[in-house]
Amino acid sequence: METDPASRDVHRTIDAIWRIESPRVIARLARMLRDVGLAEDLAQDALVAALEHWPRDGVPDNPGAWLMTTAQRRAIDRIRHDTLVRERHEQFGEALEPAPMDTPDNTARLDDDIGDDLLRLMFTACHPALPVEAQVALTLRLLGGLTTAEIARAFLQPEPTVAQRIVRAKKTLARKQVAYEVPRRAELPERLAAVLGVVYLVFNEGYAATAGDDLMRPALCDEALRLGRVLAGLAPGEPEVHGLLALMEIQASRARSRTGPDGAPVLLLDQDRSNWDRLLIGRGLASLARAEQLGGTDGPYALQAAIAACHARALRAADTDWPRIAALYARLAAVTGSPVVELNRAVALSMAEGPAAGLALVEALQDDPALAGYHLLPAVRGDLLHRLGRQDEARGEFQRAAGMTRNERERTLLEQRARECGDGTVSRAC
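About the criteria used
Residues numbered from 1 in each chain as written. Predicted model: local features only at pLDDT ≥ 70, side-chain atom pairs only at ≥ 80, totals over all residues. Heavy atoms only, no water. Core = buried A, V, L, I, M, F, W, Y, C linked by side-chain atoms within 4.5 Å. Buried < 20%, exposed > 50% of the residue type's maximum accessible area, 1.4 Å probe, protein only. Contact = heavy atoms within 4.5 Å. Helix = DSSP H or I, 4+ residues; strand = E, 2+ residues; numbered from the N terminus. Expected span 1.5 Å × (residues − 1). Arc of directions from axis to C-beta. Phe/Tyr/Trp six-rings, centres within 6.5 Å; stacked < 30°, edge-to-face > 60°. Lys NZ or Arg CZ within 6 Å of the ring centre and 35° of its normal.

*Asks:* Hey, could you run me through the nonpolar core in this one?
*Replies:* Most often, soluble globular proteins keep nonpolar side chains buried together rather than apart. Core analysis: the largest hydrophobic core is formed by 110 residues, its most contacted members being L29, L67, M122, F123, V199 and L231. Among all residues touching L67, those that are not within four sequence positions of it are I17, W18, E21, V25, A46, L47, A50 and W54. Core analysis: the next-biggest nonpolar cluster, separate from the first, contains 22 residues, V380, L385, F398 and L414 among them.

*Asks:* Hey, could you run me through helix α18 (residues 391-404) in this one?
*Replies:* An α-helical turn contains 3.6 residues, so a residue and the one three or four places further along point in the same direction. In a regular helix each residue adds 1.5 Å, so 14 residues correspond to 20 Å; α18 covers 20 Å between its end C-alpha atoms and thus fits that length. Restricting attention to buried positions, one finds in α18 the residues A394, E397, F398, A401 and A402. Taken end-on, α18 shows its buried residues confined to a sector of 140°, consistent with a single buried face. Within α18, the exposed residues directed more than 90 degrees away from the buried face are D392 and G403.

*Asks:* Looking at this structure, I do not really get helix α8 (residues 159-175). What am I missing?
*Replies:* With 17 residues, α8 should reach 24 Å at 1.5 Å per residue; the first-to-last C-alpha distance of 24 Å fits that figure. Structurally, α8 contributes buried residues whose contacts are with α2 (36-57), α6 (132-143) and α7 (148-155). Once α8 ends, the next one or two residues include Q177, with phi positive near 50°.

*Asks:* Could you clarify how one ought to interpret the packing of aromatic side chains in this entry?
*Replies:* Aromatic rings considered in pairs are described by the distance between their centres and by the relative angle of their planes. A full pass over the atoms with the stated rule returns three aromatic pairs. Consider the rings of Y200 and Y301, whose centres lie 5.2 Å apart with planes at 55°: the pair is tilted. With Y200 in helix α9 (residues 189-207) and Y301 in helix α13 (residues 300-313), this residue pair connects regions lying 101 residues apart in the sequence. You can call Y200 buried: its relative accessible area is 18%. Directly above the ring of F155 sits R165, whose terminal nitrogen or CZ lies 5.2 Å from the centroid.

The structure is reproduced here in structure tokens:
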């Protein structure tokens, strides 16, 4: 039986509210229960309750308070059935009583040095009891608005592997009875790398969505940019904070030109550079200069920002300094050891020295297990083969890439490029 349009609208509203409110609900429950896994389960129970009640009764005036109150009541019920009920009640006391619907969240008024609700939660979740990759994966899942599949793509790992990593992280925090508390300023540096990783991956998912009907998710980019700017004020002496902010500002400057009027992707060399946001570029270049002044020239975020800056400084595609970009990618590859960086270096090398030079590097990556499900590997190989005139091979690579991506806009573009291989259309680099 089909759902009526009004019910579908309510469900879309609930989904949007949940994305905004769930981090705060989970954080409050985790502070109460000292178990982030249980906190997430009970928060999901509150979401299920909303899905049951709101389509019938209407969305409440303060949906965030409704979710918080419902989740807290479920937490209290859970505690009351626990064998340690007396100790729990003594420990939490009045804090266990659910807030009235119109009561503001006092968590936001905690005395801390961070000053931003979401960033506060990220620093809290990035606990040093976990390996950095586990910190990032858990925080992305709970607070970053990313699905397990999207996180898996970010790590170039199978989805079940990442799902298990998140489960183990929750169990570790519960087993060690880690206090889910806001760290003080002296504790922030040991968590900064993980928080930067979270912000970076949130931005990447916004810039190039893993799945769906749209190439970009602008709200994620905007939120990552906001957090990056807050971080720059919080840690002004950290070069990689400025490097990451520079990278995001410069990349975001191209947002308006990355899609056409119909939402179809526009490749970098085809973009109208007069539409690039010069204010964002200026801010990004200033942040990059600050990172370099602080000695962060070879930081991974600063190096990526330097590459983005090469594109931003070229007023025409033909003016792009491809040899410098290829050299920067070589430095970045030495720092990160990432096969994705090597793949990008292959593209830059093909533009600097010709497609044959790039193809040689791509061929060396063909058997890298980390790129086994990465659709951009056959996409890049197809582009290089096309430029070399090897049309049948190129067509097969574009078709293979189209079958691997879950983003509809990317799939349409790759299928179009496969067709171009049969009509002699000249291709350009992605």
